[in-house]
Amino acid sequence: QVQLVESGGGLVQPGGSLRLSCAASGILFSINDMGWYRQAPGQERDLVASITRLGSTNYADSVKGRFTISRDNAKNELYLQMNSLKPEDTAIYYCKTPPYRVTGAYWGQGTQVTVSS
């Protein structure tokens, strides 16, 4: 049974930092590319950052230079370090596996990030 559990969200002031974690189970985490997505109210779910199994990273233009995605294959965990947070970063953040042939992609339940003074 595949399970992705995000944590680390919360309320932070503009300019602050948060570190999100995603604990994965039921998959061979180390061989999977992984991604962080976010969805703000009334908007589509968009890619924030992705990381390949070898550690290559990709970021949305809106977060480049502020967010860092990383992974710990020994712990089966994915991370998103978010610095210099802005109100427009407010959203629910989700981690996601790649799409598998039979089941499609798996998503976590999400963690709320609110940036407000």
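Preceding this paragraph is the structure being described.
Student: Tell me about the pattern of salt bridges, and name the residues and values.
Tutor: Per the counting criterion, the structure on display carries three salt bridges. Residue Arg-38 pairs with Asp-89 through a salt bridge whose shortest N-O separation is 2.9 Å. Taken together, the residues span a long stretch of sequence, with Arg-38 in strand β4 (residues 34–39) and Asp-89 in the loop between β8 (77–82) and β9 (91–96) at a distance of 51 residues. The residues Arg-38 and Asp-89 share a single accessibility class, namely buried. For Asp-89, the salt bridge identified is with Arg-66, shortest N-O distance 2.7 Å. With Asp-89 in the loop between β8 and β9 and Arg-66 in the loop between β6 (57–59) and β7 (67–72), this pair connects stretches of sequence that are 23 residues apart. Residue Arg-66 is classed as buried on the basis of its relative accessible area of 11%.

Student: Can you tell me about the side chain of Ser-21, naming the residues and giving the values?
Tutor: Along the chain, the position of Ser-21 falls in strand β3 (residues 18–25). Taking the relative accessible area as the measure of exposure, Ser-21 reaches 16% and is therefore buried. What Ser-21 contacts, discounting residues up to four positions off in sequence, is Val-5, Glu-6, Ser-7, Trp-36, Leu-78 and Tyr-79.

Student: Help me get a handle on the pairing of β9, residues and values and all.
Tutor: The buried count for β9 comes to five of six residues, which makes it a mostly enclosed element. When β4 meets β9, the two strands line up antiparallel, connected through five bridges. Bridging across to β9, Trp-36 finds its partner in Cys-95. Sheet analysis places β9 next to strand β10 (residues 111–115), joined by three bridges and oriented antiparallel. What sits directly across from Tyr-93, in β10, is Thr-111.

Student: Pulling in residues and values, what's your account of the environment of Ser-117?
Tutor: Locating Ser-117 in the fold gives a position in the segment after β10. Of the residues examined, Ser-117 reaches a relative accessible area of 85% and is grouped as exposed. A C-alpha to C-alpha distance of 30 Å links Ser-117 and Trp-107, two positions ten residues apart in sequence.

Student: Which residues make up the state of the cysteines, and what are the values?
Tutor: Counted by the stated rule, this structure contains one disulfide. With a sulfur-sulfur separation of 2.0 Å, Cys-22 is cross-linked through a disulfide to Cys-95. For the disulfide bridge between Cys-22 and Cys-95, the dihedral angle about the S-S bond is near 55°, and by the sign convention the bridge is right-handed. Highlighted residues: Cys-22 in strand β3 and Cys-95 in strand β9, separated in sequence by 73 residues.

So, how was this worked out
Residues numbered from 1 in each chain as written. Predicted model: local features only at pLDDT ≥ 70, side-chain atom pairs only at ≥ 80, totals over all residues. Heavy atoms only, no water. Salt bridge = Lys/Arg side-chain N within 4 Å of Asp/Glu carboxyl O. Helix = DSSP H or I, 4+ residues; strand = E, 2+ residues; numbered from the N terminus. Buried < 20%, exposed > 50% of the residue type's maximum accessible area, 1.4 Å probe, protein only. Contact = heavy atoms within 4.5 Å. Pairing = 2+ DSSP bridges. Disulfide = S-S within 2.5 Å.

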